[in-house]
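The chain contents come next:
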Amino acid sequence: MPLGFRGEGITYTARFCGVETPFYFNIKETIKTYIVHGDFDFVVSPLMFSGHSPSKDRDPEVHNLDRRLYPYAETDINVAWAQWAKAGIVVAKICPWLDLDSEDENVRTDSEAILKQQIEWASYLSLKACLLPTPKGNSCANYARCVNQILKGPKNNMQLLLRIPIGMSDNDYSPRSNASVDSWQTWNSFRVLCDHHNLLTIALDINMNIRSCYQESPASRELTKTLVRGACRCCNIRYRCSKRHPLRPYLDQVSNVYKQRNPLSERECREPFRNFSSALSYEGQATDSLKYTEYERAICKALLDRVPNEKASFIVTVLVVVGAGRGSLVFASLKAAEITGRKLKVYAVEKNPQTVIALDEVIKANNWVDIVFIVTSDVRYWNAPERADILVSDLLGSFGDNELSPESLDGAQRFLEKDGISIPSSYTSFLQPLTASKSYQIAKARKYILHSESACVVKLYNVARLAPSQQVFTFTHPKWFDKESNERYKKLQFEIPKDTGSAMVHGFAGYFNMTLYKDVCLATEPSTKKPDLFSWFPMFFPLRMPIRVDRGSILEVHFWRCVDSRKVGFLFLFLHFMLLIWIALCNLKQVWYEWCVTSPSSSPIHNCNGRSCWMDL
């Protein structure tokens with residue numbers, strides 16, 4: 001059954017839970033017991049029978065080990081290939097006693113050969129995943145080398161799950177030394193050696209309270225599959241009737257953990273808006289009732305402050321909506337005027353010609369034609385017929401200023417009264433370091449530097465927030481000092497808590513807090529965000545190479561907001577009849593971010609000169 005299931009048809013929020021089984025000759029009976037009747041999604045089962053361990057059964061005088069590990073004969077006869085491959089219901093368990101970093105050369109070479117043989121057999125069966133044994137001890141270089149060869153082989157498309165134990169000790173794969181082995185350290189070393197391959201995944205081996213494990217272990221924050229260990233170890237009962245399965249309590253524990261996590265996003269990553277929004281985007285924004293309720297509250301307060309009660313019957317407040325869209329802010333403004341009993345004249349400025357059509361229909365349908373006037377123009381170049389008392393806008397992106405709100409509102413304040421009110425009045429961006437291996441793997445798989453240093457909008461999940469977020473840039477409106485630049489620079493120092501363990505920083509989440517008017521605020525920063533607000537997802541600023549941080553260490557980050565006017569020349573050369581066509585120089589003004597890490601180690605400066613992502617003014 002899918003775990004964390006949230007409703008009929010909402011399958012993208014599902015997680016899956018499997019059970020480890022001992023070796024059975026009859027795999028069909030195993031599937032029936034644990035999947036059909038037991039409500040598990042897959043079984044983790046040995047596919048080959050081996051009655052010996054080379055480290056225990058070797059004859060010192062015999063130098064050649066018989067490497068034949070016989071698959072059980074009933075596989076080909078009784079189980080259809082489609083049943084093996086369908087939905088990944090069987091995960092192959094590789095022999096746990098393999099020791100590819102053994103100091104004994106014979107054991108090491110034998111283990112290498114057996115690993116490859118079992119992977120080939122699983123590939124022949126068209127399985128989707130194999131469970132690899134836990135590395136033996138602190139060194140895993142040769143083990144990782146062999147796995148890396150398999151991952152980068154020309155025919156491999158299987159997911160390899162590296163088994164990492166959490167809060168347990170097991171004789172089957174205990175470390176060779178008595179030294180304690182940090183679970184996250186083991187996993188991180190292995191994946192770094194394998195170059196963060198996207199087919200290599202952690203499989204947490206849990207034999208403790210699952211909730212406390214998830215909260216306490218750094219490795220569990222990168223969890224992709226959780227294996228409920230050992231059907232026969234947990235209970236010596238095989239399910240043969242309609243009663244509750246004896247392993248169901250473990251399944252319920254995992255399900256409860258996932259139900260408390262944020263739901264998945266249907267879209268992993270997208271760039272912030274550079275051009276006009278689509279109808280679907282406007283439709284989604286319009287359903288965010290919390291957002292427009294707060295705007296309505298802010299406008300009510302502004303109207304009450306602007307017009308005293310004794311003058312409410314004859315003073316008309318001029319309000320300009322910058323970026324009117326399909327009329328949500330216009331509606332909020334008129335509703336606020338109705339609540340406060342103030343008279344209002346609204347200019348709805350919108351530069352998207354397609355949206356203006358829908359906006360005009362809304363105004364006519366609500367009989368607002370005498371009080372709402374549509375302006376099809378970029379607000380920076382509009383010559384207003386009169387000055388505005390209140391300027392209302394919804395131009396913020398996921399990082400606050402990343403969709404050119406400062407530049408747009410600077411241009412709009414030309415027609416704002418000297419004592420006029422801007423809603424919002426200020427906003428501040430925030431950064432937070434993240435462990436986000438999946439986002440890193442997606443960017444890395446594309447190989448181009450463009451993707452590895454392009455900021456994008458994401459729904460964060462399967463991430464570890466390594467330290468509290470910190471303020472980056474603040475913008476205030478109206479801004480009456482023309483010489484004040486919108487360029488910014490900030491140095492941040494994040495202290496990694498001592499109780500979190502070591503971690504890898506894959507990038508930074510970007511949020512914002514926005515003051516609409518006085519005490520009316522909206523925020524995406526986690527400590528102040530209201531759960532019902534969904535108009536903005538966080539921004540993600542990736543690092544081209546992850547940075548390792550240890551507990552108690554300081555992560556120093558530098559962040560720039562750059563604004564530049566540059567002349568770009570275009571030359572088109574046509575050889576036909578030796579004709580040269582020159583296109584004149586044109587001025588382009590662009591805004592972009594640059595960022596880097598300088599401690600505990602240094603990274604390159606990302607997105608230099610806006611080479612990968614930028615915003616055109």
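The model shown is predicted, which means the values in this text are computed figures rather than measured ones.

A. How the structure looks around the overall build of the chain. A count of helices and strands for the chain gives 17 helices and 23 strands. Put simply, 80% of the contacts in the chain that link residues at least 6 apart link residues at least 24 apart. If you sum the accessible surface of the chain, you get close to 29600 Å²; carbon and sulfur atoms cover 53% of it.

B. View of the side chain of Thr134. Considering the arrangement of structural elements, one finds Thr134 in the loop between strand 4 (129-132) and helix 6 (141-151). Take Thr134: its relative accessible area is 6%, and that puts it in the buried class.

C. Quick look at the packing of aromatic side chains. Taken as a whole, this structure holds 19 aromatic pairs when the rule is applied. Between Phe399 and Phe541 the ring centres are 5.0 Å apart and the planes differ by 70 degrees, which places this aromatic pair in the edge-to-face class. One end of the pair, Phe399, is in the loop between strand 11 (388-393) and helix 15 (405-412); the other, Phe541, is in strand 20 (residues 539-549), with 142 residues separating them in the sequence. A relative accessible area of 0% means that Phe399 is categorised as buried. For Phe541, a relative accessible area of 0% gives the class buried. Look at Phe559 and Tyr593: their rings are 5.8 Å apart centre to centre, the planes differ by 45 degrees, and that puts the pair in the tilted class. Of the two residues, Phe559 is situated in strand 21 (residues 554-573) and Tyr593 in strand 22 (residues 580-599); the sequence distance between them amounts to 34 residues. Summarising the burial analysis for this pair, Phe559 and Tyr593 share the class buried.

D. Representation of the packing of helix 12 (residues 289-306) against helix 13 (residues 328-340). Axis separation between helix 12 and helix 13 bottoms out at 8 Å; the angle between their running directions is 45 degrees. In this view, helix 12 runs oblique relative to helix 13, as classed from their interaxial angle. Pair helix 12 / helix 13 crosses with right-handed handedness. Residues Tyr292, Tyr295, Glu296, Ile299, Cys300, Leu303 and Leu304 of helix 12 touch helix 13, and the partners they reach there are Ser328, Leu329, Ala332, Ser333, Lys335, Ala336, Ala337, Ile339 and Thr340.

E. Looking closely at unusual backbone geometry. Residue Pro424 is reached from Ile423 by a cis peptide bond, and omega for that bond is 10 degrees. The amide bond that connects Ser599 to the next residue, Pro600, takes the cis arrangement and shows omega of 10 degrees. Looking at the element boundaries, Pro600 is found in the loop between strand 22 and strand 23 (615-616). In the Ramachandran plot, His196 falls in the positive-phi region, its phi being about 55 degrees despite a non-glycine side chain.

F. Representation of the pairing of strand 18 (residues 503-517) within the structure. For strand 18, the tally of buried residues reaches 13 of 15 residues, placing the bulk of the element in the interior. Examined bridge by bridge, strand 13 (residues 426-435) and strand 18 share nine bridges and lie antiparallel to one another. Its bridge partner lying in strand 18, Leu434 is registered against Gly507. Inspection of the sheet shows strand 18 paired to strand 20 by seven bridges, in the antiparallel sense. Considered in strand 20, the bridge of Phe508 is made with Phe541. Examined bridge by bridge, strand 18 and strand 19 (residues 520-523) share four bridges and lie antiparallel to one another. The partner of Met514 across the bridge, within strand 19, is Leu522.

G. Summary view of the environment of Asn486. Its place among the elements puts Asn486 in the loop between strand 16 (470-476) and strand 17 (488-495). Linking Asn486 and Phe473, residues 13 residues apart in sequence, is a C-alpha distance of 9.7 Å. Look past the residues within four positions of Asn486 in its chain and what remains in contact with it is Pro406, Glu407, Asp410, Phe475, Lys479, Arg561 and Val563. A polar contact is formed between the side chain of Asn486 and the side chain of Asp410, at a distance of 2.9 Å. A distance of 3.1 Å separates a polar atom in the side chain of Asn486 from a polar atom in the side chain of Lys479.

H. Examining the sheet that holds strand 12 (residues 416-423) more closely. Across the sheet, five strands lie side by side as 10-9-8-11-12; this open sheet has parallel pairing. In this open sheet, the two edge strands, each paired with only one partner strand, are strand 10 (372-376) and strand 12. Each neighbouring strand pair of the sheet contributes to a mean axis angle of 25 degrees, computed without reference to strand direction. Relative to strand 10, strand 9 (residues 343-350) runs parallel, the two sharing five bridges. When the sheet's bridge partners are listed, Ala348 is paired in strand 10 with Ile374.

I. How the structure looks around the environment of Asp370. You can see Asp370 is positioned in the loop between helix 14 (353-365) and strand 10. On the basis of relative accessible area, Asp370 is assigned to the exposed category, the value being 67%. Placed 25 residues apart in sequence, Asp370 and Lys345 show a C-alpha to C-alpha distance of 8.5 Å.

J. Up close: the confidence of the model for the chain. For the chain, per-residue confidence averages 77 on the pLDDT scale, and 69% of positions sit at 70 or higher. In this model residues 1-13 is a low-confidence stretch, pLDDT under 50, and it forms 34 contacts with partners more than four residues away in sequence or in other chains. Residue range residues 168-179 is modelled with pLDDT below 50. Its contacts to residues more than four positions away, or to other chains, number 29 contacts.

K. Summary view of the pattern of salt bridges. What the rule picks out here adds up to 20 salt bridges. With a closest N to O distance of 3.6 Å, Arg145 and Glu112 form a salt bridge. Highlighted residues: Arg145 in helix 6 and Glu112 in helix 5 (residues 105-124), separated in sequence by 33 residues. With a relative accessible area of 38%, Arg145 lands in the partly exposed category. A salt bridge links Lys364 to Asp360; the shortest N-O distance between them is 3.1 Å. Taken together, the residues span about one helical turn, with Lys364 and Asp360 both in helix 14 at a distance of four residues. Relative accessible area serves as the criterion here: at 28%, Asp360 is assigned to the partly exposed category. In the salt-bridge network here, residues are joined through shared partners; they are Arg108, Glu112 and Arg145.

L. Examining the nonpolar core more closely. Ranked by internal contacts, the top residues of the largest apolar core, which has 85 residues, are Val320, Ile423, Leu431, Met514, Phe541 and Phe559. When residues no more than four places from it in sequence are discounted, the contact partners of Leu431 are Phe399, Ser469, Gln470, Val472, Leu492, Phe494, Phe508, Ala509, Gly510, Phe541 and Phe559. Judged by nonpolar contacts, the second largest core, of 44 residues, contains Ile35, Met158, Ile164 and Phe190.

M. Seen up close, the pairing of strand 12. Taken together, the four bridges between strand 11 and strand 12 define a ladder with parallel strand orientation. For Val392, the partnering residue across the bridge sits in strand 12 and is Ile423. Remark: the strand 11/helix 15/strand 12 crossover connection has right-handed handedness.

Here is what the cut-offs are and how they apply
Residues numbered from 1 in each chain as written. Predicted model: local features only at pLDDT ≥ 70, side-chain atom pairs only at ≥ 80, totals over all residues. Heavy atoms only, no water. Helix = DSSP H or I, 4+ residues; strand = E, 2+ residues; numbered from the N terminus. Contact = heavy atoms within 4.5 Å. Areas by Shrake-Rupley, 256 points an atom, 1.4 Å probe, with all protein chains shown as cover. Buried < 20%, exposed > 50% of the residue type's maximum accessible area, 1.4 Å probe, protein only. Phe/Tyr/Trp six-rings, centres within 6.5 Å; stacked < 30°, edge-to-face > 60°. Axes fitted to C-alpha atoms, helices over the stretch in contact; angles between N-to-C directions. Parallel < 35°, antiparallel > 145°, perpendicular 65-115°, else oblique. Left-handed = near helix turned anticlockwise from the far one by under 90°. Pairing = 2+ DSSP bridges. Polar contact = N/O pair within 3.5 Å; in protein donor to acceptor, adjacent residues only side chain to side chain. pLDDT = per-residue confidence, 0-100. Salt bridge = Lys/Arg side-chain N within 4 Å of Asp/Glu carboxyl O. Core = buried A, V, L, I, M, F, W, Y, C linked by side-chain atoms within 4.5 Å. Right-handed = clockwise from strand over helix to strand, strands pointing away.

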